[in-house]
Structure formats: structure tokens, C-alpha cells
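The lines below spell out each chain.
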Amino acid sequence: MALSDTDILTVRNLFKVFGDEPEQAIELYRKGLGKDDIFAKTGMMLGVCDASFTVREGEIFVVMGLSGSGKSTLVRMLNRLIAPSAGEIIVGGENIAAMSETELMAFRRTHISMVFQSFALMPHMTVLQNAAFGLELAGVPAKQREARAQDALAQVGLGAYGRNYPNELSGGMQQRVGLARALANDPTILLMDEAFSALDPLIRTEMQDELLTLQEEHRRTVVFISHDLDEAMRIGDRIAIMQGGRVVQVGTPDEILHQPANDYVRSFFRGVNVQNVITAGDIAIADAVPVVEAGSDPKSALAAIGESPVAYVTEADGRFVGALSRDALMAEAGNGGFATVIDRVEPIDGEAKIGQIVAPVAEADLPMPVVGPDGELVGAVSRKTLLQAMSREDEVHG
């Protein structure tokens, strides 16, 4: 699905200094001193340095970096669990960094929810009560909050577990309760701080699948903190790479993989399997196969096909219908139409990773059609196109 052009969160020149005189440390940073030099000179540590970026509505925005890079400090500033030393955090035209405590509490209740690495469930509360806890703090009436919590539990596959207690659930199920609690508030922005890192690999993958499924059903704006490259590449629409408290690059997985901003980013992404990053939509060629509109007369359809052995058929709005061979059309031309000779080919989803489409493309005699989220034809992938895309791995690792 194409990313929205609407920015829902804007971070401008954000700093966090751990020390008594943050203005002094920030001034030294702006004069060109590095973190280590500032610490040696002042004893103050810069956790986040002059971070600026935007998050678009409905995207999963992953912030990643090595331990100590500042990613967890950054996400905690987005809802003021950690107070910024300088800068702006703009949501809906309001600067979170400048809010009073009263304004901040009201803002958190309606706009931002957070899922932590630790499940942070109340052991004496049922699953339903845990999912409704944030709503209870917000003063939502009992009947209404229970209904919203039950709906959130159903979204994460735990609709039947409302009466259970946390100790009766597996680790993965407990994390789903934490996710349901955040979803129950219907937040503008969902913050997830290493939310799946405490889970074993299999459950972690299942939770990633759960998040992606939820995104398909209802696009939420998610800021996801991770140190795991595979996780970031798998779930992130865009990724911000942090190094030493700075945001050094923001881009799609493919952009960062093939256009790294510096050696740190390049080394970070060394060894990535491009088959798990690049999508069919990324490599589809728009004019690879002629296109004929459904309902065209045979003469104009033949003219559109030219010497190509096959054409794709689309509706007037661009939605893919099927494939049409030149020979079949010529044989049917005298009968005044071609609807009966359209081959109902199963197209490839543009969001599918190229590692997932190797078999259908390899088995097909002709290029495979690729469609967007509404079924619109975006292009075709041939064996040659696929092999060229897969060879990018050699470029990345070279």
C-alpha cells in the first residue's frame, strides 16, 4: 500500500542531555564538538542530538540502531516519559514538548499509546481488565471501556480470554494483551519500544505477522523501536537509523539498503537478503506488456497488441482482468469480441517480497502481472527482471 503524504508527527531539532546544564552541552554540540568531547568537558551526556524527521499517517516507522544509539530515549520523548532538553514534537499542530502536565495527560489519553518490551500487565487483573486499564485511568465509563477492550482483544485474537489472568497465558499471548490495551485507546500514534524483543524467535515472528495483519485491516501510525535488522526490514514502511544519538538516515528499506548514508549504515545492512526487502511492486515494469481495455473492439485490440504474443486486459479504471493471447484474439476476431478468450491469470500482489514470487514467475511462460492494493495493474515481472533484482544482493555485499 502506498504511503500517505500526510505527516502526522513532526520532530524538529530534538535534544536530550543528561546533566544539569543542557543548554551548555547543546551549544557546544552546535559549535561542532562531539558527544565524547562534550562529556569530557562538561560531564554531561547527549542521549539524542538534533533529531529531525517526520512520520506519515498510517505507516510503520521503525527507529533502529545499536545499543546506546539513543533510540529508546527518542521514543520516550515522543510521549514525554523523558522530557526533551530542546526541540519540538508536533502532533496535530500541538507541540508536546511545550505542554503542561495537565495538557500532557489529556493528550496521552487520546492520542498516544505505548507498548513496552516488558508486558507490564497487572497480575491481579483479568485479561479484559488489563486491556481496559488505560481507559479506566481516562475515566471512561465501565460498560463502554469493557466493550472497547473486548473489541481490542478480538483484534489480537484473544477475544475468548477476557476472564483469564496473565499468569495463565503464554508470553506471546501476554504481549498481545499489552497490544490490545494500547489499541483500546484508539490512539493517533502507537509507540512500540522493543515490543517483541523479549519473545522467542517463533513467537516474535507471529507477533510481527499480527502487527502486519492489523495494519492491513486498519492502518495505524506506528513508531516501532528495534535493534533487530530483520524485524525492521520486515515490518517497516520506512526506517530511521540512529548513530550516537543522531538520526543519520531515513528511508524505505530499499532506499537505505542501496543508498546508505555512511559507512555505519552500510555495515549495518551488510548481509541483508534482498529477497526479503524488495517487493514485486518495486521491480514491476509498467510497459513490459501491452494493455487492452475490456470491451474494446477486436481491431483496436489487435492494434494495441502489435507483435506481442500477449496483452493484459484491464477495466476502464485500470483494474486487472486477465491476459489475452494474440493468437486467440485473431481466431475470435471474426466473432466480434474477445471476452470469451480472456485467460483469468492470478496476478501478483505488489507488496509481495521477491523471495515469495520466485516460483510463480519461474513457472510462467510470460511476464506475470503485478497489481496494487485496489487491483489496479502496476506492471509486470519477467524472469529477467526478477533475476536482475535478485542480483542486487551481489551489489550490496560487494
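- Going by an unreviewed UniProt entry, the protein carries the name Quaternary amine transport ATP-binding protein and comes from Fulvimarina manganoxydans.
- What UniProt states about the protein under its Subcellular location (unreviewed entry) heading is, verbatim, "Cell inner membrane".

**Structural notes on the pairing of strand S7 (residues 189-193)**
Each regular strand displays side chains that alternate between the two surfaces of the sheet.
Moving on, step 1. Within S7, 5 of the 5 residues are buried, which leaves it mostly tucked inside the rest of the structure.
Moving on, step 2. Of the two faces of S7, both are covered, the one formed by Ile-189, Leu-191 and Asp-193 as well as the one formed by Leu-190 and Met-192.
Moving on, step 3. Of the pairings in the sheet, the one linking strand S6 (residues 112-115) to S7 comprises 4 bridges and is parallel in character. Among the inter-strand pairings, Ile-112 is bridged to a residue of S7, identified as Ile-189.
Moving on, step 4. Examined bridge by bridge, S7 and strand S8 (residues 221-226) share 5 bridges and lie parallel to one another. The residue of S8 that forms the bridge with Leu-190 is Val-222.

**What about the nonpolar core?**
Moving on, step 1. In this structure, Leu-179, Met-192, Phe-224, Ile-241 and Phe-269 are the most contacted members of the largest nonpolar core, which totals 47 residues.
Moving on, step 2. Among the elements that line this core, the one with the most residues is helix H8 (residues 171-184), at 7 residues.
Moving on, step 3. Not counting chain neighbours up to four residues away, the residues in contact with Met-192 comprise Val-115, Leu-179, Leu-211, Val-222, Val-223, Phe-224 and Ile-225.
Moving on, step 4. Of all hydrophobic cores here, the second largest spans 29 residues; its members include Leu-14, Ala-51, Phe-107 and Ala-240.

**Section: the packing of helix H7 (residues 142-155) against H8**
Moving on, step 1. In contact at an axis separation of 8 Å, H7 and H8 are set at 130° when each is read in the N-to-C sense. Taken as axis vectors, H7 and H8 run oblique relative to one another. Considering only the axes of H7 and H8, their crossing is right-handed. Across from Arg-148, Ala-149, Ala-152, Leu-153 and Gln-155 in H7, the residues of H8 making contact are Ala-180, Leu-183 and Ala-184.

Scoring rules and cut-offs
- Per-chain numbering applies: the sequence of each chain, read as written, is numbered from 1 onward.
- Where totals are concerned, whole chains, interfaces and linings use all residues; where local detail is concerned, this predicted model gives features only for residues with pLDDT of at least 70, and gives and counts side-chain atom pairs only at 80 or more.
- For the side-chain quantities, the full set of heavy atoms in the structure was used; hydrogens and water were omitted.
- UniProt positions are given in the numbering used here, feature names are shortened, and annotations may be inferred rather than shown by experiment.
- Three exposure classes are used, based on accessible area relative to the maximum for each residue type with a 1.4 Å probe and protein chains only: buried under 20%, partly exposed in between, and exposed over 50%.
- Helix and strand assignments come from DSSP, with helices taken as H or I runs of at least 4 residues and strands as E runs of at least 2, each series counted from the N terminus.
- Two strands make a pair as long as DSSP finds a minimum of two bridges between them.
- Side-chain atoms within 4.5 Å are what join buried Ala, Val, Leu, Ile, Met, Phe, Trp, Tyr and Cys residues into a set we call a nonpolar core.
- Residues count as neighbours in contact if any of their non-hydrogen atoms are within 4.5 Å of one another.
- With axes taken as lines fitted to C-alpha atoms, and helix axes fitted only over the stretch in contact, angles between N-to-C directions fall between 0 and 180 degrees.
- When an angle is under 35 degrees it counts as roughly parallel; over 145 it counts as roughly antiparallel; between 65 and 115 it counts as roughly perpendicular; any other value is oblique.
- Handedness of a helix crossing follows the sense of rotation of the near helix relative to the far helix, less than a right angle counterclockwise being left-handed and clockwise being right-handed.

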